[in-house]
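Structural description and commentary
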Amino acid sequence: MAMSWYEHAIRRYEHRRWTTDDNRMVRPFEWGLEHINGSAAHDDPRSFVRQYAQHAIANSDDWYATRDVRDYRLDENNVLTFTSTVESPWPENNTVHAQFFPGKKIGPAVLILPNWNAKWHGQVALCHWLQRIGISAMKMSLPYHDRRMAIGHERADQLVGPNVGLTLHANRQAVQDARACLTWLEQRGYHRLGILGTSIGSSVGYITLVHDLRVRAGGFFHVSTYFADVVSQGMTTNHVWEALRHDVSVEELREFWAPISPMPYVERGRGAGRNTFMVYGKYDPTFLPELTHEMLSSLRRHGAETRTLELPVGHYSLELPPFSYVAGYRMFTYFLQALA
């Protein structure tokens with residue numbers, strides 16, 4: 001069917017926003033076995049990663065379990081720092097930074113997980129809106145982002161990149177860091193906990209939700225199935241796929257990165273009874289609508305009663321008014337009800 005003028009306008013906006021980032025690099029493909037308990041000299045890296053991923057999925061409770069954190073520190077600007085329970089080769093990435101926005105009284109609290117390559121001040125407005133409606137908020141920097149960015153890098157290429165093992169390691173770290181933030185909130189008296197994730201933050205957030213029973217509600221902007229599907233088909237990750245496509249197939253990558261994908265946990269029935277609300281764009285060129293629909297269909301097949309909101313937007317354009325107002329109002333209303 002011919003594209004409507006409206007859809008054409010949205011897609012032009014998405015492409016224009018995508019081209020404003022001129023620091024994307026096609027980095028070399030690497031297996032990265034040294035990041036997943038292997039050796040860079042292994043003679044069959046495919047087999048090693050496949051077995052590692054299968055074991056991680058089968059034992060995901062242990063793989064995502066986090067150790068006790070003993071060095072939480074909240075400074076005068078309400079910035080929480082602590083040492084990540086997952087150690088990476090970059091020291092600057094091993095200190096987690098999260099900004100706390102306390103409500104007027106101790107009650108419900110929501111952990112916010114931003115989008116890929118979000119800046120330190122990104123999503124502060126969301127935190128302030130949650131504060132205004134009586135919900136405390138904590139915004140966590142994802143691994144390799146802003147204050148955690150590896151020296152010499154301008155983007156979080158380790159969290160989503162052509163290094164297979166490092167991408168597994170970094171996303172595992174993101175989930176464990178999120179769970180450590182939830183522990184700090186719980187220690188401060190916040191027991192009605194929620195998670196709000198955007199883009200890759202929604203992937204990390206959903207995996208956190210299904211592995212942490214303390215999370216009562218999950219709100220997600222942009223929804224998809226497998227990590228590999230987004231990387232291989234999405235507009236914003238085409239430079240990553242360009243580095244991968246000569247060495248691995250989509251089917252292989254889907255298997256290798258299954259532990260850091262939401263879909264396998266849905267297919268195992270995990271999280272079916274959890275309270276979730278998912279917002280997505282009808283014209284999203286990054287989290288393709290067909291992937292979103294596949295994810296939602298699987299959720300419903302496994303008994304989940306997730307709430308959904310489809311808006312006539314793309315990935316970036318969800319930030320534009322009036323769509324941002326509609327999405328924000330519905331999301332805040334959802335959390336008020338779910339964490340009441």
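Residues numbered from 1 in each chain as written. Predicted model: local features only at pLDDT ≥ 70, side-chain atom pairs only at ≥ 80, totals over all residues. Heavy atoms only, no water.

1. Some points on the nonpolar core
Quick note on the threshold: Residues belong to a common nonpolar core when they are buried Ala, Val, Leu, Ile, Met, Phe, Trp, Tyr or Cys residues joined through side-chain atoms within 4.5 Å. Categorising residues by exposure relies on relative accessible area from a 1.4 Å probe, with only protein chains included: less than 20% of the type maximum marks a residue as buried, more than 50% marks it as exposed, and the intermediate range marks it as partly exposed. Contacts are assigned to residue pairs that have any heavy atoms within 4.5 Å of one another.
Counting residues in hydrophobic clusters, the biggest one holds 77 residues, and the most contacted among them are L111, M138, M140, V164, L244 and W257. Beyond its immediate sequence surroundings of up to four residues, M138 is in contact with L80, A98, Q99, F100, V110, L111, I112, C181, W184 and L185. Membership of the second largest hydrophobic core comes to 26 residues, among which are V124, A137, F323 and A327.

2. Let's talk about the packing of helix α5 (residues 164–187) against helix α6 (residues 200–211)
Note the cut-off: Helix axes are fitted only over the stretch in contact, all axes being lines through C-alpha atoms; the angle between N-to-C directions runs from 0 to 180 degrees. Secondary structure elements follow DSSP: runs of H or I of four or more residues count as helices, runs of E of two or more count as strands, with numbering from the N terminus. The labels follow the angle: roughly parallel below 35 degrees, roughly antiparallel above 145, roughly perpendicular from 65 to 115, and oblique for the rest. Crossing handedness is defined as follows: a turn of the near helix away from the far one that is anticlockwise and smaller than a right angle gives a left-handed crossing, while the clockwise case is right-handed. For this classification, Asp, Glu, Lys and Arg are treated as charged, while Ala, Val, Leu, Ile, Met, Phe, Trp, Tyr, Cys and Pro are nonpolar and the rest, including Gly, are polar.
Orientation of α5 relative to α6, taken along the N-to-C sense of each, is 60°, at an axis distance of 9 Å. Between α5 and α6, the interaxial angle falls into the category oblique. For the element pair α5 and α6, the recorded crossing hand is right-handed. Mapping the contact onto sequence places N171, A174, V175, A178, R179 and L182 in α5 and I200, V204, I207, T208 and H211 in α6. Looking at the contact of α5 with α6 residue by residue, the classes come out as seven nonpolar, three polar and one charged.

3. Notes on the layout of surface pockets
To keep it simple, the criterion reads: Residues are said to line a cavity or pocket when one of their atoms sits within 4 Å of a point; the points come from a 1 Å grid over protein atoms alone, cavities being sets where a 1.4 Å probe fits but cannot get out and pockets being open sets with protein on both sides within 12 Å along at least five of seven lines. Grid points are joined across faces, edges and corners, and a volume is the space filled by probe spheres set on the points.
Considered as a void within the structure, the second largest pocket measures approximately 150 Å³ in volume. Every residue along the wall of the second largest pocket is listed here: R27, P28, E30, W90, H153, D157, Q158, P162, N163 and L166. Partitioning the lining of the second largest pocket into residue classes produces four nonpolar, three polar and three charged.

4. Let's talk about unusual backbone geometry
The amide bond that connects P321 to the next residue, P322, takes the cis arrangement and shows omega of 5°. Despite not being glycine, N78 shows a phi value in the positive range, around 60°. Along the chain, N78 turns up in the loop between β1 (73–74) and β2 (79–83). On the basis of relative accessible area, N78 is assigned to the partly exposed category, the value being 26%. The backbone of Q123 sits at a positive phi, close to 65°, despite the residue not being glycine.

Shape is all these values report; function is a separate question.
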